[in-house]
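Here is how the chains run, residue by residue.
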Amino acid sequence: LRMAEINERASVSQPSSPPPGPTHEIAKLADEAQDRLSALLHAQISSTVEEYKLIEEMNKVTAKRYEDMKIVAEGVGEKLKKLDISYDAIRPYLRQVHELDEGTKRLEDALTKMENYVTNLEQKLSNLKLAREQQE
């Protein structure tokens, strides 16, 4: 019968709060430590998530920048193709201009030689005139 009484009292009795003392203080400190550790981990995880979001945004901006650079490079490539076509179209004329320039240089050289020759002839003629005048 005693066991039945004990069981009856245990089922009817209210849960007792832990007695104040070292065990209660340790539990309180453990709870406080757990709360602080939880807050620290939450802050670190939040910080890491923010860093990943920043890196993701930077990657998006970089990808957009590369896309823009690709478009510019394609435009430059197209312009270079058009420029090559234009250059090929005027190449014969440029060759003619070059030939004319070379011909002009040869004419200028010939003119210089001719001027030197005429100057020498004039000098010789002057010398001959002086010699005749002195003989007379």
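The structure presented is a predicted model; accordingly, all values stated were derived computationally and were not measured.

Comments concerning a nonpolar patch on the surface
Part 1 of the reasoning: Judged by side-chain polarity, Leu37, Leu40, Leu41, Ile45 and Val49 come together as a nonpolar surface patch covering roughly 440 Å² of accessible area.
Part 2 of the reasoning: If you trace the backbone, Leu40 turns up in helix α2 (residues 22–135).
Part 3 of the reasoning: By relative accessible area, Leu40 is classed as partly exposed at 45%.

What about the pattern of salt bridges?
Part 1 of the reasoning: One pass over the structure, following the stated rule, counts seven salt bridges.
Part 2 of the reasoning: The salt bridge partner of Glu32 is Arg36, with a shortest N-O separation of 3.1 Å. Highlighted residues: Glu32 and Arg36, both in helix α2, separated by four residues, approximately one helical turn.
Part 3 of the reasoning: Under the relative-accessibility criterion, Arg36 is labelled exposed at 59%.
Part 4 of the reasoning: A salt bridge links Glu56 to Lys60; its shortest N-O distance comes to 4.0 Å. Placement of both Glu56 and Lys60 in helix α2 is noted, with a separation of four residues, approximately one turn of the helix.
Part 5 of the reasoning: Judged by its relative accessible area of 43%, Glu56 falls in the partly exposed class.

Scoring rules and cut-offs
- Residues numbered from 1 in each chain as written.
- Predicted model: local features only at pLDDT ≥ 70, side-chain atom pairs only at ≥ 80, totals over all residues.
- Heavy atoms only, no water.
- Patch = residues over 30% accessible without salt bridge, like charges linked within 9 Å, V, L, I, M, F, W, Y side chains within 5 Å.
- Areas by Shrake-Rupley, 256 points an atom, 1.4 Å probe, with all protein chains shown as cover.
- Salt bridge = Lys/Arg side-chain N within 4 Å of Asp/Glu carboxyl O.
- Helix = DSSP H or I, 4+ residues; strand = E, 2+ residues; numbered from the N terminus.
- Buried < 20%, exposed > 50% of the residue type's maximum accessible area, 1.4 Å probe, protein only.

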